[in-house]
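Now for the letters of each chain:
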Amino acid sequence: MIIDGRFRGPDESGNGGYVAGRLAGRVPVDTVTVTLRRPPPLDTELTVTKENERGHSMRLWDGDVLVAEALAGAIVVPPIAPVPFEEALGGAEKYRAAEHHPFPRCFVCGPDQEPEVGLGLEPGPVADGTVATPWVPERVPERELVWAALDCPGGWSFAVGGRPAVLGTMTGQVMDVPDAGERCVVVGFARSSEGRKLHAATALYGADGRLLGRAEQIWIEIDPERFGQ
């Protein structure tokens with residue numbers, strides 16, 4: 001497996017949700033828990049190993065260094081509620097007014113990412129602890145792109161511009177993918193925090209209100225100057 005450089009989160013590593021989605025695609029169940037052990041390197045040949053005969057446990061390696069693990073998972077709490085598309089547009093306006101993006105070239109939400117390259121999500125506040133962003137994919141996205149879209153809004157529910165954090169663990173479930181041009185909304189909700197650990201939830205809703213995907217996440221606050229060392 002190679003994570004192409006355009007799928008970055010921080011400049012020197014892969015977007016956590018995208019990498020998690022790539023690895024989750026190797027596990028033959030509908031809900032998968034992916035734990036990122038270190039920043040996934042870009043443009044590097046990585047090895048995927050199957051840890052049991054049924055393929056319900058996979059690992060991603062950079063040489064002999066463990067990058068990520070994927071296991072059959074479960075989500076037992078209800079999904080977070082949807083937000084109307086127009087309200088998500090308002091959230092995006094507030095996101096654009098924010099400063100101090102910790103990873104401005106992030107494939108999913110980076111303001112310095114080229115529009116034709118990234119997803120262009122802008123998850124801004126719509127309620128206390130809740131952010132939302134429109135997403136209108138130009139083409140039918142692969143499932144790993146749904147995982148990517150479900151990533152960053154969880155971090156932004158904790159206003160990570162002022163307290164940088166990276167994805168540590170993501171349990172995701174993708175029911176369906178959007179149609180090309182479909183007016184979708186991604187919602188993020190800050191569940192709780194415990195020291196450097198931030199517990200968040202995200203959900204992707206289609207134009208007709210159907211739930212396309214959801215995730216429960218743990219984010220880890222970091223020192224940007226030491227990240228990846």
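If you're wondering where the values come from, they're calculated on a predicted model, not measured in any experiment.

Calculation notes
Residues numbered from 1 in each chain as written. Predicted model: local features only at pLDDT ≥ 70, side-chain atom pairs only at ≥ 80, totals over all residues. Heavy atoms only, no water. Core = buried A, V, L, I, M, F, W, Y, C linked by side-chain atoms within 4.5 Å. Buried < 20%, exposed > 50% of the residue type's maximum accessible area, 1.4 Å probe, protein only. Contact = heavy atoms within 4.5 Å. Phe/Tyr/Trp six-rings, centres within 6.5 Å; stacked < 30°, edge-to-face > 60°. Helix = DSSP H or I, 4+ residues; strand = E, 2+ residues; numbered from the N terminus. Salt bridge = Lys/Arg side-chain N within 4 Å of Asp/Glu carboxyl O. Polar contact = N/O pair within 3.5 Å; in protein donor to acceptor, adjacent residues only side chain to side chain.

Draft legend 1. Region of the structure containing the nonpolar core. Counting 55 residues, the largest nonpolar core has Val-34 and Val-108 as the members making the most contacts within it. With near-sequence residues (within four places) excluded, Val-108 lies in contact with Asn-15, Leu-119, Gly-120, Leu-121, Ala-148 and Cys-152. Among the nonpolar cores identified, the runner-up in size contains 11 residues, and Val-83, Ala-88, Ala-132 and Val-185 belong to it.

Draft legend 2. Here's a closer look at the packing of aromatic side chains. All told, the structure shown has 4 aromatic pairs when counted by the stated rule. A centroid spacing of 4.8 Å and a plane angle of 70° characterise the contact between Phe-7 and Phe-107, whose relative ring orientation is edge-to-face. Here Phe-7, found in the segment before helix H1 (16–24), pairs with Phe-107, found in the loop between helix H2 (85–97) and strand E5 (124–127); they are 100 residues apart in sequence, far enough to count as distant. Classification of Phe-7 as buried rests on a relative accessible area of 9%. Judged by its relative accessible area of 2%, Phe-107 falls in the buried class. Linked through ring pairs, Phe-7, Tyr-18 and Phe-107 together constitute an aromatic cluster.

Draft legend 3. Geometry of the pattern of salt bridges. Using the criterion set out here, one finds 9 salt bridges in the structure. Arg-96 is paired through a salt bridge with Glu-122; the nearest N and O atoms lie 2.5 Å apart. Linking Arg-96 in helix H2 with Glu-122 in the loop between H2 and E5, this pair joins segments that are 26 residues apart in sequence. A salt bridge links Arg-139 to Glu-142; its shortest N-O distance comes to 3.2 Å. Since its relative accessible area comes to 45%, Arg-139 is described here as partly exposed. Connected via shared salt-bridge partners are Arg-37, Arg-59 and Glu-69.

Draft legend 4. Highlighting the side chain of Thr-31. With respect to the helices, strands and loops of the structure, Thr-31 is situated in strand E1 (residues 31–36). Residue classification places Thr-31 among the buried residues on the basis of a relative accessible area of 7%. Within the structure, Thr-31 has its side chain in polar contact with the side chain of Asp-30 (distance 3.2 Å). Residues within four places of Thr-31 in sequence aside, it is in contact with Leu-71, Ala-72, Gly-73, Ala-74, Ile-75, Thr-171, Gly-172 and Gln-173.

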